[in-house]
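Structural features, examined
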Amino acid sequence: MTISLSKVNSGLVKVTVIGLGYLGATHAVAMAELGHEVIGIEPDSSKLESLKAGILPFHEPGLDKALTKVLAENRITFQATHDSSSASADLHFICVGTPQTKDSDAADTSYVVAAAKELAAWIKPTAVVAGKSTVPVGTAATLKAAMDEIAGFDVHLAWNPEFLREGTALEDSLRPDRIVVGTWSQHSVDVLKEVYAPILETGTPLLQLDVPTAELVKVAANAFLATKISFINAMAEVAEVSGADAVSLAKAIGYDERIGNKFLRTGIGFGGGCLPKDIRGFVARAEELGVGSAVEFLKDVDAVNLRRRDKVVELASQELGSLTGKKITMLGISFKPDSDDLRDSPALDISRRLNAMGAKVTVHDPVSLSALATRSPELLREENLNEAVRGADLVILGTEWKQYREIDPQTFGSVVATKTIIDGRNVLDVAAWQSAGWRVIALGRNISNG
Ligand code: UGA
């Protein structure tokens, strides 16, 4: 069946993006950047007002400027709920979150279910619904059944997972390495091809898959990435007791193209709103499907990752003895650089634990201190880097922001009480720091401090 859509045929598609968290806000701006007419739908009034005013409710390099531009060009509008205007859209992207449930490892799909049901009451029969949220395999089939019943027709539902990374989100959205579309109807693929045409024209492959495979691609990709990081961190544990060096090891194995050198950076491990909860949700879903043993190893991936945090707490105690009253400065608190996301941040977890053990933990971070104030007010915050380390008994590098790599260890050394640093991300020039008189401790390495 060929469905004629005037807007689609002209190359411009009227789209809605439902859920304007990290993924949704980025996707909405990216769609507007591609020239489409975008309506962003977000029930949270503070997020909504912020976006309407052109202010991103989170830190993401480049996205703020792009938002200002598409707002000025009238290519994007924001509203709290569906209305007759959003109902006339040809394509609806569902981008709401699927956080870990409070009482189990499973993903909480209630926001996706609610968004799909609400939308089903409004959409026109020719419209396509593309799910972008990361969901347990099988979710889309349940959503489709619910939507068909509410809409009273066969809804064109597709699954179109997103692979963007925080810190490079807009670039990843506009220049992805692949577009994955899982679908039950050719019409869905045709509309998605239309909306992604400018990207496809640059040679980006579009993989047309069945829906369960498309759902699985996303969790499998994140599980693989998490496994790679935990693999090198497991090697770090072995290196620490055998006199080996995990950083050199990673470099050496990474030369093998079959292994590759990406995602082999050893340190305090992965955090954020995706990898940790996605591997847990994957195990929970596999267990529901009766194949828990197939992905049982992901529990070890999780455990290796969390043990790296224990290791830093242990090293701090070894260095300082009792932590009571000791000043520890944490450099970087977000889960990765170029982001103010504190969800499951290894640096935050370590800081909280050191603080609970009696240390006076002072945090410096280029962009995350206001988020930290809400999330962990018990931690001290200091915007000035030199003030943050003044009188410190121990410095820990928790997030590899560029500015920390560029610190002059000589000048820095004159401010602290004790020149000891734990490099939690293995990014410092050990020789330079040591020659400035610092004791450098790093994960997975046996650094001799003379
Ligand atoms: C991750 C995936 O990389 C994206 O492809 C995916 O779209 C996204 O999740 C998602 O599901 O939405 P993101 O969470 O932004 O992206 O961050 P990553 O770059 O994957 O880093 C995750 C964590 O791993 C960070 O804490 C980082 O510091 C850590 N990491 C990364 C390491 O410890 N070592 C490495 O070698 C690489």
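Residues numbered from 1 in each chain as written. Predicted model: local features only at pLDDT ≥ 70, side-chain atom pairs only at ≥ 80, totals over all residues. Heavy atoms only, no water.

Glancing now at the site of the ligand. Taken together, 21 residues sit near the ligand, with L164, E166, N222, R265 and F335 positioned nearest. At 2.7 Å from an oxygen atom of the ligand is found a main-chain nitrogen or oxygen belonging to E166. Residue R265 places a main-chain N or O atom 2.8 Å away from an oxygen atom belonging to the ligand. Burial of the ligand by the protein amounts to 93% of the accessible area it has alone, namely 710 Å². Looking at the shell around the ligand, the elements that each hand over two or more residues are α11 (211–242) and α13 (275–288). The element contributing the most residues to the shell around the ligand is α11, with four residues. (Near = heavy atom within 4 Å. Polar contact = N/O pair within 3.5 Å; in protein donor to acceptor, adjacent residues only side chain to side chain. Areas by Shrake-Rupley, 256 points an atom, 1.4 Å probe, with all protein chains shown as cover. Helix = DSSP H or I, 4+ residues; strand = E, 2+ residues; numbered from the N terminus.)

For the chain, the average pLDDT comes to 96, and 98% of its residues sit at 70 or higher. In this model residues 1–9 is a low-confidence stretch, pLDDT under 50, and it forms 18 contacts with partners more than four residues away in sequence or in other chains. (pLDDT = per-residue confidence, 0-100. Contact = heavy atoms within 4.5 Å.)

Read across the sheet, six strands follow the order β11-β10-β9-β12-β13-β14 without closing on themselves; strand pairing throughout is parallel. Single-partner strands in this sheet number two, and they are β11 (380–381) and β14 (439–442). Both strand β10 (residues 360–364) and β11 contribute to a ladder of two bridges, which runs parallel. Note that in β11 the partner of T362 across the bridge is L380. Against the sheet, helix α14 (residues 297–320) touches β9 (327–331), β12 (394–397), β13 (420–423) and β14, its axis set at about 170° to β13. (Pairing = 2+ DSSP bridges. Axes fitted to C-alpha atoms, helices over the stretch in contact; angles between N-to-C directions.)

Before going further, it helps to examine the packing of α11 against helix α12 (residues 246–254). For any two helices packed against each other, one specifies the inter-axial angle together with the distance between the axes. Look at α11 against α12: their axes get within 9 Å of each other, and the N-to-C directions meet at 135°. Judged on the interaxial angle alone, α12 and α11 are oblique. When the axes of α11 and α12 are compared, the crossing they make is right-handed. In this structure, α11 contributes F231, I232, M235, A236 and A239 to the contact, and α12 contributes A246, L249, A250 and I253. Looking at the contact of α11 with α12 residue by residue, the class counts come to nine nonpolar, no polar and no charged. (Parallel < 35°, antiparallel > 145°, perpendicular 65-115°, else oblique. Left-handed = near helix turned anticlockwise from the far one by under 90°. Nonpolar A, V, L, I, M, F, W, Y, C, P; charged D, E, K, R; others polar.)

Right, let's get into the nonpolar core. What tends to happen in soluble globular proteins is that the nonpolar side chains get buried as a cluster. One finds L91, F93, L192 and V195 to be the most contacted residues of the largest nonpolar core, which totals 42 residues. The leading source of residues in this core is helix α2 (residues 22–33), at eight residues. Residue contacts for F93: discarding those within four places in its chain leaves V15, T16, V17, I18, H27, M31, A130, K132, N160, L192, V195 and Y196. Counting residues in each nonpolar core, the second largest holds 26 residues, with I333, L342, A347 and L372 among its members. (Core = buried A, V, L, I, M, F, W, Y, C linked by side-chain atoms within 4.5 Å. Buried < 20%, exposed > 50% of the residue type's maximum accessible area, 1.4 Å probe, protein only.)

With that out of the way, let us pick up the packing of aromatic side chains. Under the criterion given, the structure shown has five aromatic pairs. Between Y22 and F58 the ring centres are 4.6 Å apart and the planes differ by 35°, which places this aromatic pair in the tilted class. One end of the pair, Y22, is in helix α2; the other, F58, is in the loop between α3 (45–52) and α4 (63–72), with 36 residues separating them in the sequence. As far as the burial class goes, Y22 and F58 line up, both buried. When the ring of W433 is compared with that of W438, the centres are 4.9 Å apart and the planes differ by 70°; the resulting orientation is edge-to-face. Given the relative accessible area of 3%, W433 is considered buried. Residue classification places W438 among the buried residues on the basis of a relative accessible area of 3%. Here the aromatic cluster, defined as three or more aromatic residues joined through ring pairs, consists of F412, W433 and W438. (Phe/Tyr/Trp six-rings, centres within 6.5 Å; stacked < 30°, edge-to-face > 60°.)

With that out of the way, let us pick up the sheet that holds strand β6 (residues 156–159). With mixed pairing, the eight strands of this open sheet are ordered in space as β3-β2-β1-β4-β5-β6-β7-β8. Of all the strands in the sheet, the pair left with one neighbour each is β3 (76–79) and β8 (206–209). Recorded for the sheet is a direction-independent mean angle of 25° between the axes of neighbouring strands. Bridge count between strand β7 (residues 179–183) and β8: four bridges; the pairing is parallel.

Attention now moves to the pattern of salt bridges. A complete count under the given rule lists 34 salt bridges for this structure. A salt bridge links R258 to D256; its shortest N-O distance comes to 2.8 Å. Look at R258 and you get exposed, because its relative accessible area is 77%. Between K402 and E406 there is a salt bridge, and its shortest N-O distance comes to 3.0 Å. E406 shares its class with K402; the two are exposed. (Salt bridge = Lys/Arg side-chain N within 4 Å of Asp/Glu carboxyl O.)

With respect to the helices and strands, the residue L443 is situated in the segment after β14. When residues no more than four places from it in sequence are discounted, the contact partners of L443 are E240, T266, G267, I268, R308, K311, V312, L315, D423, G424 and N426.

As a further point, take the environment of Q79. For Q79, the location among the structural elements is in strand β3. Here Q79 falls in the buried class, since its relative accessible area comes to 15%. As a C-alpha pair, Q79 and E42 span 37 residues in sequence and 6.4 Å in three-dimensional space. Sequence-distant contacts of Q79, defined by excluding residues within four places in its chain, comprise I39, G40, I41, E42, L48 and S86. A polar contact of 3.1 Å, which involves the side chain of Q79, links it to the side chain of D83.

What follows is about α2. Given a rise of 1.5 Å per residue, twelve residues ought to cover 16 Å, and the 17 Å separating the end C-alpha atoms of α2 matches this to within 8%. For α2, the tally of buried residues reaches eleven of twelve residues, placing the bulk of the element in the interior. What α2 keeps buried is the set Y22, L23, G24, A25, T26, H27, A28, V29, A30, M31 and A32. (Expected span 1.5 Å × (residues − 1).)

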